[in-house]
Amino acid sequence: MTPAWRRRLVFTRMGRWYTGLTIGIGLAATNTGNNLLFLVLGLLLASIIVSGILSEQSLRGVRVERRLPSVATAGQQALIGLQARNGKRRAPSFSLEIRERGGDVAGHGFLVLLPAGQSAEAAYRFVPQRRGLHRFEQIEVATRAPFGLFEKSRPMDAPAELVVFPRQVPPPPSTARTLARDGERPEDRIGLGLEVHSLRDHRPGEDARSIHWRSSARAGRLIGMDREQERRKRVCVVLDQRPLRGEVLERAVEHAAALVSRELDGGAEISLALAGAFLAAGSGEAHRHAALRLLALLEEGGDGLAAPEPDAEGSVLQVRE
Amino acid sequence: MPRAPRGPTLLQAQRWAGTLTSAFAFLACAVSGEMGPAMTALFPLAVAGSAVAGRRFHGRVQWAWTVLLAGALLVFGVQVLAGHIDIILAAALFAELLCIHRLWHRRTGRDELLLLLLALLLLCAGAALSAELTFGFAFLGFAVSGTWALALTHLRSAIEEGRGPAGSAALLNSRRVATPALLSGLAALSLFGIAGAALVFFIFPRVTIGGLRRASRPAPVAGLGDRVDLSRRGTIADDPRVALRVRLDPPPRGEPRDLAMHWRARSLSQWTGHGWRSPDGGIIPVMRLPRRARGGGVPSVLSADIEVIGQFTDGVVFTPEGWPLAIDFRRPGSPRPAARQLYRNAAGDLFYQPVDGGDVRYTVAADPDEPVPGGLRGRGQRYPSWVEADLAVPASLDARVRALAKRLGGGKDPADAAAAIERWLATALRYTRELPGDVADPIADFLFARRAGHCELFSSAMVLMLRSLGIPARNVTGYFGGRRTDAGYYAVRAGDAHSWVEVYFPDAGYFLFDPTPASARGSRQEGIGARMVLLWDSLQQTWRAFVVDYDLVSQTQAMRRIGQILHETGQRLAGRDGAKGRLRRVIAAVGAAVAAAAVIAWLRRLRLRARKAQERRELTADQRRAVALWRGARRLLRSAGVEIAVGTTPGELARIVPAAADIARAYAAARWGGAQLAPRVARAALRELDAGLQVAREHRP
């Protein structure tokens, strides 16, 4: 854990000039013995001291939390919030720059003023360039207040992870290898499908749309019908990543993600078969996240992994190089 | 409906503060009076012009500015090489032009920062050019406005960098940032800066090399001439300017507001028909002053620390009433040899060399004990030859003057005759500052026609009357009086210029007689103007004493004094001075203060703890348990020899130490994901990890 007292101090450009001039004036004062130059030197040195005290005052008592987005996709802007709270009771904090330090993401937010005892949120946008795990290590709160001569910063441990989904690309033309019937499949039980499952007498109060008019005409009484339960389309996206490396693997992962999204958007249940991993069929947003997360974290190599095992009950969409 | 905030926008306030800072820096230079009227007038005109039309010129005709600045640099360089101006003045003038250029080209925060740096250079040039109190006021103004300018410029730059040009426009043009509260806070901050400057100024070691020190500026010498003309026209002006600053040791009894003291400058013995002039002859160096003939006993010594303002010196050394014993041009305690040497002329008047027109400070030790007139009686009228000049009676002297002198002092002892004439003049004639004009015989006109005149007529009449009786006497010029100031010295003003008489007594020397009515001697300035002059001089003197003249000697003395105070305090605390009752009170007071401070600190600590507890309570119970779980896991891992780097995420921890995967998951879910974490689950997870690590240790090869 980084101690709360740890500070980092760097000169700004103005600070370098200011310090250089201070040294120059100090030398001139010492050389000439001119007391008014000593007075000017005193003012400059006092400003440096005051600057140090006030910048410390600005940093002290400030706590920051990071707010990560629920979804981040490679190549698309993501908004990251930095919630700062000034824990001091009276003294406000000025000119705070809150930025990421270490980790995989660089970004910063700026607060002109953080009043005593209050919270404020700064945010920054970043565009992840790759899929996968993005690590956050520390948040650094920095200030150049009050004069912009020096930048004093305070690092705070704030470890977090963000899984960035693969880049969104158009899905490739699929080459389906049919293991079973494509499309929706009836089940031998009553449901809400389109196909007729069985006929029976019409029950009073039943919806008129359930009457099988042709049989009713033939039988001379109202005959009702039950429809078959229909199962959704079931697709298994298959990606064998073992031989793939680098850009080829990335393109394959992006295509797999595109297929997953397309099929889910089309109402299908999808399963995901990878070398060494399998995601059972499912649908909905949670399932989409699970599938994209699995693809996001897919790493190259893994020659020792077992070959993908496609879902036996669904259409197979094989992602090729 | 909420009222729209009034006042300047952040951008306006920042620009005004920058302009004000450069204006104060320029003022610090201008008060030296060395910049010349053209360059002095140029800056305010340029500031006004930049405020009105500066924006139209942003970034335009840049080539013209470059040519102008290069030309100015060339001209100043040539002037420096030709010896017309010194390099400091040339630097100040060029810095002024650079400031003006920047004032006309202010677009970005970088321009503003450059302007402030140039203003700082201008202030430094002012410090080298001027040591006046006005520099001090300009410095204070610079300190306050500079604080505004630096802070607001930083704020502007930070906003522009943090939000970009588009995002920052609204905030920069907001009237809610540079509020009176912010500006007041920054002004208060500048006071801390000024206090810090004073502290640094006080303790920074005054070890100087002394190279490239700028010489004092020569000033025209005026004031106490070697002639007096009694036939002038008009009215004597009561000039309130301070001519001498005097500190007496021991101070006068009761420290009166107005000092009744004659400050002797020089004697004028030769009558010109319309006035006096000093005797001919040169000056010779003086090693020791002549001793006074006295009956024995140790003389009492009055020490007068005299500072003469440059334009009132004319190379003359002023002495207080009494017999001068020694004159020292060195600063008290200074190891440096004196820069000036003492000289005297045939009449015994004292001078110093070299005369450079600057202020002069020296200490005169004098024996103030003068014999009463009775003590001067019976010394006869056998005078040495060297006082013949003081016996010369003009042939044209009006017979009525002789007759009057004879009537007042004829047949009397010279001491009684002098006292009688002095008394008659002071009581029978009237004092006026109106000059007689061009009259044939100013003394006869004064004594018998106008029967009124100024101090020179009183003293001249007495000298001629005494000489007509065969008593050597001479006219003496100098100052009379001195007004006490808040700075602890007596200010003798130019309006205190005075004239009196010295009468010679055998084996005793010259003694002072002053026939001018006592109520008419010295300055009568009492108005607001005169008081303001005195107040200003008092401030100026304090400025000089504590700032301009503060050197290694002063610093050593101050440090020694502090050491002495600490030593005395230590002695008292050790109970060695016998003042036990007072010491007990001091100890009791200090103890009470320490106890009170301890109680306050304890209460503050309690409040701090309560606040921190409050802040901890802002986490939910599950989040707090998650944090505790995370820390516990790290602790267990560390004790098992597994070092986890800073910034390791829960996911990474799970990959590095699979046994901690459950803990990492539970921590992430409860701390960040809003999931619940039961204490039982947390404890179980830690136990499980501990057991896993134990097994791993046992099976380690």
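Just so you know, these numbers come straight off a predicted model, no measurement behind them. (Residues numbered from 1 in each chain as written. Chains lettered and ligands numbered in written order. Predicted model: local features only at pLDDT ≥ 70, side-chain atom pairs only at ≥ 80, totals over all residues.)

### Here we look at the overall build of chain B
Consideration 1: Scanning chain B from terminus to terminus reveals 18 helices and 18 strands.
Consideration 2: Intrachain contacts of chain B at a sequence separation of at least 6 include 76% that bridge at least 24 residues. (Helix = DSSP H or I, 4+ residues; strand = E, 2+ residues; numbered from the N terminus. Contact = placed C-beta atoms within 7 Å.)

### Let's talk about the overall build of chain A
Consideration 1: Looking only at helices and strands, chain A features five helices and 16 strands.
Consideration 2: Going through the 321 residues of chain A one by one, you find that 36% of them count as buried. (Buried ≥ 20, exposed ≤ 12 C-beta atoms within 10 Å, placed from the backbone.)

### Considerations on the interface of chain A and chain B
Consideration 1: Each side of the interface is counted separately: chain A has 43 residues, and chain B has 46 residues.
Consideration 2: Taken together, the elements giving at least two residues each to the side of chain A that touches chain B come down to helix H1 (13-32), helix H2 (35-59), strand E5 (93-101), strand E6 (108-114), strand E8 (132-143) and strand E9 (150-165) of chain A.
Consideration 3: At 14 residues, the largest contribution of residues to the side of chain A that touches chain B is made by H2(A).
Consideration 4: The residue inventory of the side of chain A that touches chain B, partitioned by class, reads 22 nonpolar, 15 polar and six charged. (Nonpolar A, V, L, I, M, F, W, Y, C, P; charged D, E, K, R; others polar.)

### Some remarks on the confidence of the model for chain A
Consideration 1: Here chain A shows a mean pLDDT of 86. Residues at 70 or above account for 93%.
Consideration 2: For the stretch residues 176-181 of chain A, pLDDT sits under 50, and the model shows nine contacts to residues farther than four places along the chain or on other chains. (pLDDT = per-residue confidence, 0-100.)

### Quick word on the sheet that holds strand E10 (residues 350-353) of chain B
Residues and elements named next belong to chain B.
Consideration 1: An order of E6-E9-E10 is seen for the three strands of this open sheet, with the pairing classed as antiparallel. Two strands close off the open sheet at either side, each with one partner strand: strand E6 (284-285) and E10.
Consideration 2: Relative to E10, strand E9 (residues 341-344) runs antiparallel, the two sharing four bridges. Counted as the bridge partner of glutamine 341 is glutamine 353 from E10. (Pairing = 2+ DSSP bridges.)

### Focus: the sheet that holds strand E8 (residues 323-328) of chain B
Residue and element names in this part refer to chain B.
Consideration 1: The sheet built from six strands is open, its strands ordered E8-E11-E7-E2-E16-E15 with antiparallel pairing. Of all strands in the sheet, those bounded by a partner on one side alone are E8 and strand E15 (483-484).
Consideration 2: One ladder, built from two bridges, connects E15 with strand E16 (residues 490-493); its direction is antiparallel. Paired with arginine 484 across the two strands is tyrosine 490, which belongs to E16.

### Examining the environment of A:Leu133
Consideration 1: Secondary-structure assignment places A:Leu133 in strand E8.
Consideration 2: Residues A:Leu133 and A:Arg293, spaced 160 residues apart in sequence, show a C-alpha to C-alpha distance of 9.4 Å.
Consideration 3: Among all residues touching A:Leu133, those that are not within four sequence positions of it are A:Glu161, A:Val163, A:Leu297 and B:Gly651.

### A word on H2(A)
Consideration 1: Here H2(A) spans 36 Å end to end across 25 residues, near enough to the 36 Å set by a 1.5 Å rise per residue.
Consideration 2: Looking one or two residues past H2(A), A:Gly61 carries a phi angle of roughly 80 degrees, positive in sign. (Expected span 1.5 Å × (residues − 1).)

### Examining the confidence of the model for chain B
All names here are of chain B.
Consideration 1: Summing up the model confidence of chain B, the mean pLDDT is 83 and the portion of residues at 70 or higher is 88%.
Consideration 2: Note on residues 216-223: pLDDT is under 50 here. Beyond four places in sequence and across chains, it has 17 contacts.
Consideration 3: For this predicted complex, the interface confidence comes out at an ipTM of 0.70, alongside a pTM of 0.62.

### Quick word on the packing of helix H8 (residues 399-409) of chain B against helix H9 (residues 414-428) of chain B
Residues and elements named next belong to chain B.
Consideration 1: One way to put it is that H8 packs onto H9 with a least axis distance of 8 Å and a crossing angle of 115 degrees. As for how H8 packs across H9, the hand of that crossing is right-handed. In this structure, H8 uses Ala405, Leu408 and Gly409 to contact H9, whose residues at the interface are Ala417, Ala420, Ile421 and Trp424. (Axes fitted to C-alpha atoms, helices over the stretch in contact; angles between N-to-C directions. Left-handed = near helix turned anticlockwise from the far one by under 90°.)

### A look at the packing of H1(A) against helix H5 (residues 109-129) of chain B
Consideration 1: Viewed as axis vectors pointing N to C, H1(A) and H5(B) meet at an angle of 5 degrees, and their least axial separation amounts to 11 Å. When the axis of H1(A) is compared with that of H5(B), the two are roughly parallel. Touching A:Met14, A:Trp17, A:Leu21 and A:Ile25 of H1(A) are B:Leu113, B:Leu117, B:Leu120 and B:Cys124, all from H5(B).
Consideration 2: Class assignment for the residues of the contact of H1(A) with H5(B) results in eight nonpolar, no polar and no charged. (Parallel < 35°, antiparallel > 145°, perpendicular 65-115°, else oblique.)

### Focus on the nonpolar core
Consideration 1: Ranked by size, the top nonpolar core spans 133 residues in total, and within it A:Val40, A:Val237, B:Ala28 and B:Leu122 carry the most contacts.
Consideration 2: Every residue in contact with A:Val40, bar those within four places of it in the chain, is listed here: A:Ile25, B:Leu123, B:Cys124 and B:Ala127.
Consideration 3: Counting residues in each nonpolar core, the second largest holds 38 residues, with B:Ala243, B:Ile306, B:Val308 and B:Ala366 among its members. (Core = buried A, V, L, I, M, F, W, Y, C linked by C-beta atoms within 7 Å.)

### Description of helix H4 (residues 87-103) of chain B
Consideration 1: Between its first and last C-alpha atoms H4(B) spans 24 Å; for 17 residues at 1.5 Å apiece the expected length is 24 Å, and the two agree.
Consideration 2: The element H4(B) is largely enclosed, with a buried count of 13 among its 17 residues.

### Some points on the environment of B:Gly185
Consideration 1: Within the element layout of this structure, B:Gly185 appears in helix H7 (residues 180-203).
Consideration 2: Sequence-wise, B:Gly185 and B:Trp148 are 37 residues apart; in three dimensions their C-alpha atoms are separated by 9.5 Å.

### Description of the pairing of E5(A)
Residue and element names in this part refer to chain A.
Consideration 1: In terms of burial, E5 is largely enclosed, as seven of its nine residues are buried.
Consideration 2: Alignment of E5 against E6, held across six bridges, turns out to be antiparallel. Considered in E6, the bridge of isoleucine 98 is made with glycine 109.
Consideration 3: In this antiparallel pair of consecutive strands, E5 and E6, the connection spans six residues, and glycine 102 shows a positive phi of 70 degrees.
Consideration 4: Alignment of E5 against E8, held across six bridges, turns out to be antiparallel. Along E8, the bridge assignment pairs arginine 99 with glutamate 140.

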